[in-house]
Amino acid sequence: MLEIKPSNVEFNEKEFDNFQKELGVSLPKDYKNFLEMNNGGTPKLNIVKLQSEEIRSFSITDFFGIGNAKIFDLKYQFEIYKERVPNGNLPICRVEGGSIVCLNIHNESINFWDHDTELIDENIYSANPLIKVASSFTDFLNVIKPYDHDEDLGDYKVEGVWIDPDFLKEINDDKD
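Residues numbered from 1 in each chain as written. Predicted model: local features only at pLDDT ≥ 70, side-chain atom pairs only at ≥ 80, totals over all residues. Heavy atoms only, no water.

Here we come to the overall build of the protein chain. From N to C terminus, the protein chain includes five helices and 10 strands. Considering the protein chain as a whole, with its 176 residues, one finds that 45% of them fall into the buried category. Of all intrachain contacts in the protein chain linking residues separated by at least 6 positions in sequence, the fraction that spans at least 24 positions is 56%. Of the roughly 10600 Å² that the protein chain leaves accessible, carbon and sulfur atoms contribute 48%. (Helix = DSSP H or I, 4+ residues; strand = E, 2+ residues; numbered from the N terminus. Buried < 20%, exposed > 50% of the residue type's maximum accessible area, 1.4 Å probe, protein only. Contact = heavy atoms within 4.5 Å. Areas by Shrake-Rupley, 256 points an atom, 1.4 Å probe, with all protein chains shown as cover.)

Bringing the sheet that holds strand S3 (residues 46-49) into the picture now. The strand order across the open sheet built from three strands is S4-S3-S10, with neighbouring strands paired in antiparallel fashion. Two strands close off the open sheet at either side, each with one partner strand: strand S4 (57-58) and strand S10 (145-146). Sheet analysis places S3 next to S4, joined by two bridges and oriented antiparallel. Bridged to valine 48 within S4 is phenylalanine 58. (Pairing = 2+ DSSP bridges.)

So, on to a nonpolar patch on the surface. Among the surface-exposed residues, Val158, Val161, Ile163 and Leu168 lie close enough to one another that they form a single nonpolar patch of about 390 Å² accessible area. Mapped onto the elements, isoleucine 163 comes out in the loop between S10 and helix H5 (165-175). (Patch = residues over 30% accessible without salt bridge, like charges linked within 9 Å, V, L, I, M, F, W, Y side chains within 5 Å. Salt bridge = Lys/Arg side-chain N within 4 Å of Asp/Glu carboxyl O.)

Those residues of helix H3 (residues 74-81) that sit buried are Leu74, Gln77, Phe78 and Tyr81. Down the axis, H3 shows its buried residues gathered within 105° of arc, on one side only. With a side-chain oxygen lying 3.3 Å from the backbone nitrogen of lysine 75, the N-terminal cap of H3 falls on aspartate 73. (Arc of directions from axis to C-beta. Polar contact = N/O pair within 3.5 Å; in protein donor to acceptor, adjacent residues only side chain to side chain.)

On to the pairing of strand S6 (residues 89-95). Most of S6 is tucked away: seven of the seven residues are buried. Where S6 and strand S7 (residues 100-104) come together, five bridges link them in antiparallel fashion. Within S7, the position partnered with asparagine 89 by the bridge is asparagine 104.

Turning our attention to the side chain of histidine 115. Within the element layout of this structure, histidine 115 appears in the loop between strand S8 (110-113) and strand S9 (130-134). Judged by its relative accessible area of 5%, histidine 115 is buried. Looking at histidine 115, its side chain comes within polar contact range of the main-chain oxygen of glycine 97, at 2.6 Å. Those residues within four positions of histidine 115 in sequence are excluded, and the remaining contacts are Arg84, Gly97, Gly98, Ser99, Trp162 and Asp164.

Before going further, it helps to examine the sheet that holds S6. The sheet built from five strands is open, its strands ordered S5-S6-S7-S8-S9 with antiparallel pairing. The open sheet has two edge strands with one neighbour each: strand S5 (60-63) and S9. Strand-to-strand twist in this sheet, taken as the mean axis angle between neighbours without regard to direction, amounts to 40°. (Axes fitted to C-alpha atoms, helices over the stretch in contact; angles between N-to-C directions.)

Structure follows, in structure tokens:
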């Protein structure tokens, strides 16, 4: 299993229960157990491989928790993304490049949301901006694998990098 450095902020059960009431659901037990143990946290270098033709893999940079600094706080991230991701999806972690992974609060599936496909063009929303990663949070943890940069990357080369302006603003606001 992947090693995760827990958050420095202790899990707050009351705050978590209040958040669930705001959402109007009970979040999955396996996800709550993860928060009780780590309250978010930073995983070691990792990779999640997908069956998608568009996006083949991603790497998680941090998990969100309860009562953490804004950029790492579950409730804050929910507020940031609730109008951007499909209804019923709770952002639970960020991946390299600023995209996020969501927990579907209705069926408990874990889905990747790529911010680059948020708008196909200025007026047309993507029909399905989510890529299913796992059927449950436990299954999701099992598909996260350690990654070694020394592995041969073949012909892979980074051609460019784009940072979501909202994400950049969050980072800059957190520094203040």
